[in-house]
Amino acid sequence: MTSTYDSSRVVAVLGPTNTGKTHLALERMLGHRTGMIGFPLRLLARENYDRIAKLKGRNAVALITGEEKIIPPYAQWFVCTVESMPLDRRVDFLAIDEIQLCGDAERGHIFTDRLLHARGTSETMFLGSETIKPLIRRLVPKAEFISRPRLSTLSYSGPAKLTRLPGRSAIVAFSASEVYALAEMIRRQRGGAAVVLGALSPRTRNAQVALYQAGEVDYLVATDAIGMGLNMDVDHVAFAAARKFDGQVSRALEATEVAQIAGRAGRHMNNGTFGTTADVPGLDPQIVEAVENHHFPPLKKLQWRNSDLRFTSVAALIAALDRLPDDPGLVRARESDDRLALTALSQDVDTMERAKTPDRVRLLWEVCQIPDFRKSLAEQHSRLLAAIFHHLTEPARKLPAEWLDRQVKRLDRTDGDIDTLMTRIANVRTWTYISHRGDWVENGLEWQERTRAIEDRLSDALHQRLTQRFIDRRTAVLMRKMRSDEALDSTVSDQGQLTVEGEFVGSLQGFRFTADRSESGHAARAVSAAARAALKPEIAGRVAALAAAPDGEFDLDGNAQIVWRGAPVAGLQAGPMPLQPLIEVLPSEWIDAEARRTIEIRLATWLSARLHALFGPLIPAPGADFSGPVRGLLFQLAEHLGSMPRARTASPLDKLSEEERKLLARLGVRFGTESLFLPALLKPEVMRWRAALWCLHRGQPQMAPPPPGRVSLPADHPAAYYEAVGYRRLGRQAIRLDMLERFAAELRRLAREGPISPPAPWMSQLGIGPDDMSFLIEAMGYKPKREGDAVTFHHTPRRPKRHKPQKVTKIDENSPFAVLKRLR
């Protein structure tokens, strides 16, 4: 439907909000045999689709949006988003809602294209504001105009404190952070609020509005997303800001924007009011007058983009998109997301190699039109589009099912906070959009059902998070105290239990607060003001106490977390060396950057002292005067947490002088025949730390250290783990290194006396059975010899050569050798 019909009646029904324009258009459409209506929002399309389906049956009506397509075989009426209208389908009646969006900088060119080209064969209707009337008259000369008066009055009531706002009020802000802050304040002062953001899915948005409509909360906090598509019982709209960031600059609200949002108040025949919150000085009197009287300056230009595109090459396509309009009432639209994506992909060599034919150029443009619901960085979205285009230009010409599965599966998680869930919903909406391209994916219906199910689960989880965070259903006594000016009686017990007015609301462990989740109330909806009143001084006191705490109050638990007063306050992370772990204070919304730094400094001081106390010889002081070979060997031992097989140290050991060996011995290093180790590091407490540090450095889950006092144990961990904690894995057993040295020495002694017949009495100290003992002896290099049922072991393994210091012969200075040496 890209051309007009001479016999088609074109009607523009214009007027302010709450004039019944949409109701009129739906009535007119259903009066025709076939029809199509385009709405600016997916939410609006779905709402009106449900309404028509209830009246006419689901087989008679179709729903088409970017992410949802329900098209019965014999559908008569089509409810769509404006972008998704199938304009190649002939219908008797066609309507476009909110036609004044032709002037919108981001989407205006799409509405302008529908204004100029979309027609029903019998009747075409445009719905919107009076501000577009002059330009419709200019661009569509045959159009008739019908003005609709507002069904109720809208009046300005001025500023008011949040505590003074009447019930059934909507408070409007212009960023998610402001919405959250306002909702928190209303929760503390009035018991809770529903929240509406543009980034919410329709399912979540409807669920939040339902809470408000059902009277479970008396307030709604929203962005300007409520300006379209939400019909609620709102009596008053309060603006919490008079400026907004429009994607490019921060600017004052325009009168038409104020009217669109304020018009949510006083629906149907009920009068409404609008104003500001107390921290906003008020609205400009001229804006107030314009809103109350519905008089606004007309639009001067409509956004336009050429829809007659050429696909002979990417350059031709770009040139067609950049064409200037012929009519002075039109202005070329600024570069939208699809145009920016095309520019980015046109600079990719691989993409351009694949886009050599008209069909490929058309495909590239279709890929560029995949919406960026995530509103991510342009580069990130372009990379995704490039990957999709490359897959579609492979011989299969389909997106690989395995690749799609990976992309979708990672989004099927309902954990995380509000922002995380909203991000996942935005991501899955992109894949829902793609799944409706039957020429791009195999089993499109299956993918549509899967992505829609994921979106529903995420939406339900998001609604739950919003409800838990911003709606309080605590007992009446707490709410009454919250509304009064009296101070709340809040205490924190020695066990960390937080009570407000005698009511348990949660517990504080370390610096992390966990809200109560008992049957009497939801933790995340606990009285925030009471919790903050109690926790602010408590947290400050705890930070000061930790900073002054003696070293004995800190310890490391089995999860590699630093514990203070029985509660974890920080975790260890892998550092550049096993003995140089990093400290990460556990996340808590209750500690600020300065407090976090104080905690980090104190814990770092304790950790350094603790590591020096446990591993002192391996952490030389900065000024220690060690030779290169000594320092190198200590460095190797530190890398291995205090013990190494002797075979690995043969070369460094050979370079040690006798004095250097004595120095290492004084430091606690033992030169065994099997290992190089420090006996002091075989104590249970040190082994516990060695196990934790090894797991951290290797990125392994924490493993329990060997039980205290055990000299041998079944080996069920990697050999490197046992080496790091002071054991040697030999077959099915792990032997503590000091006992391994004793065992090896006894075997050498017995071998000198003759064949070894296990088990000898002293071998029982290892706690190993005869079979494992024989295996262990053989692992030490002794060969078994069987005579009947008896097994003996022979051959003393070759011992590593010990270093013998080279003797230096003193030469007489007057000898011929000395004279010759001086001459040379």
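Because the structure is predicted, anything quoted here is derived from the model rather than measured. (Residues numbered from 1 in each chain as written. Predicted model: local features only at pLDDT ≥ 70, side-chain atom pairs only at ≥ 80, totals over all residues. Heavy atoms only, no water.)

Engineer: Can you help me understand the pairing of strand E20 (residues 497-500) in this one?
Structural biologist: Within a regular beta strand, the side chains point alternately toward one face of the sheet and then the other, so they alternate between its two faces. Of the two faces of E20, only the one carrying Leu498 and Val500 is buried; Gln497 and Thr499 on the other face are not. In the sheet, strand E19 (residues 490-492) pairs with E20 via 3 bridges, with the strands oriented antiparallel. Bridged to Ser490 within E20 is Val500. Counting the residues that bridge the hairpin from E19 to E20 gives 4 residues, and of these Gly496 lies at a positive phi of roughly 85°. (Buried < 20%, exposed > 50% of the residue type's maximum accessible area, 1.4 Å probe, protein only. Helix = DSSP H or I, 4+ residues; strand = E, 2+ residues; numbered from the N terminus. Pairing = 2+ DSSP bridges.)

Engineer: What is the right way to look at the confidence of the model for the chain in this model?
Structural biologist: Fine structural detail should not be taken from predicted coordinates in areas where pLDDT scores are low. Across the chain, the average pLDDT comes to 85, with 85% of residues at 70 or higher. Scored below 50 in pLDDT, residues 814-824 shows 6 contacts in the model against residues more than four places distant or in partner chains. (pLDDT = per-residue confidence, 0-100. Contact = heavy atoms within 4.5 Å.)

Engineer: Would you mind going over the sheet that holds strand E4 (residues 69-70) with me for this structure?
Structural biologist: By definition, the strands of a sheet pair up through backbone hydrogen bonds, in either a parallel or an antiparallel sense. Sheet architecture is open: 8 strands sit in the order E4-E3-E5-E2-E6-E7-E1-E8, paired in mixed fashion. Unpaired on one side and paired on the other, E4 and strand E8 (144-147) mark the two borders of the sheet. When strand E1 (residues 9-14) meets E8, the two strands line up parallel, connected through 4 bridges. Looking across to E8, one finds that Val11 is bridged to Glu144.

Engineer: Looking at this model, I keep getting lost on the packing of helix H14 (residues 401-409) against helix H16 (residues 444-470). Mind explaining?
Structural biologist: Relative placement of two packed helices is described by the angle separating their axes and the distance separating the axes. In contact at an axis separation of 11 Å, H14 and H16 are set at 10° when each is read in the N-to-C sense. What the angle tells us is that H14 and H16 run roughly parallel. For the pair H14 and H16, contact is made by Ala401, Leu404, Asp405, Val408 and Lys409 and by Trp447, Arg450, Thr451 and Ile454, respectively. Of the residues that constitute the contact of H14 with H16, the class distribution is 5 nonpolar, 1 polar and 3 charged. (Axes fitted to C-alpha atoms, helices over the stretch in contact; angles between N-to-C directions. Parallel < 35°, antiparallel > 145°, perpendicular 65-115°, else oblique. Nonpolar A, V, L, I, M, F, W, Y, C, P; charged D, E, K, R; others polar.)

Engineer: Please explain the pattern of salt bridges as it appears in this structure.
Structural biologist: It is possible for side chains bearing opposite charge to pair when their charged atoms get close. Considering all chains together, one arrives at 45 salt bridges under this definition. A salt bridge links Glu335 to Arg339; the shortest N-O distance between them is 3.8 Å. For Glu335, a relative accessible area of 42% translates into the label partly exposed. One salt-bridge network, held together by shared partners, links Arg46, Asp50, Arg58, Glu68 and Arg452. (Salt bridge = Lys/Arg side-chain N within 4 Å of Asp/Glu carboxyl O.)

Engineer: What am I meant to see in helix H22 (residues 658-666) here?
Structural biologist: Regarding H22, the residues found buried are Glu660, Arg661 and Leu664. Along the axis of H22, the buried residues cluster in a sector spanning 100°; they form a single face. Away from its buried face, by an angle of more than 90 degrees, H22 presents the exposed residues Glu659 and Arg666. Just beyond H22, the residue with positive phi is Gly668, at close to 105°. (Arc of directions from axis to C-beta.)

Engineer: Sorry, what's going on with the nonpolar core here?
Structural biologist: Here is a general trend for soluble globular proteins: nonpolar side chains tend to be buried in one another's company. Counting 75 residues, the largest nonpolar core has Phe511, Phe615 and Leu618 as the members making the most contacts within it. The element contributing the most residues to this core is helix H23 (residues 684-698), with 9 residues. Excluding residues within four positions of it along the chain, Leu618 makes contact with Leu579, Leu634, Leu637, Ala638, Leu641, Gly642, Leu678 and Leu681. Membership of the second largest hydrophobic core comes to 65 residues, among which are Leu309, Leu345, Val367 and Val408. (Core = buried A, V, L, I, M, F, W, Y, C linked by side-chain atoms within 4.5 Å.)

Engineer: I tried to follow the packing of helix H1 (residues 21-30) against helix H2 (residues 42-56) on my own but got confused; where do I start?
Structural biologist: Across the interface, H1 lies against H2 with an axial gap of 12 Å and an inter-helix angle of 40°. When the interaxial angle is binned, H1 and H2 end up oblique. Crossing hand, H1 versus H2: right-handed. Two secondary-structure elements touch here, H1 through Thr22, Leu26, Met29 and Leu30 and H2 through Asn48, Arg51, Ile52, Leu55 and Lys56. Residues belonging to the contact of H1 with H2 are distributed by class as follows: 5 nonpolar, 2 polar and 2 charged. (Left-handed = near helix turned anticlockwise from the far one by under 90°.)

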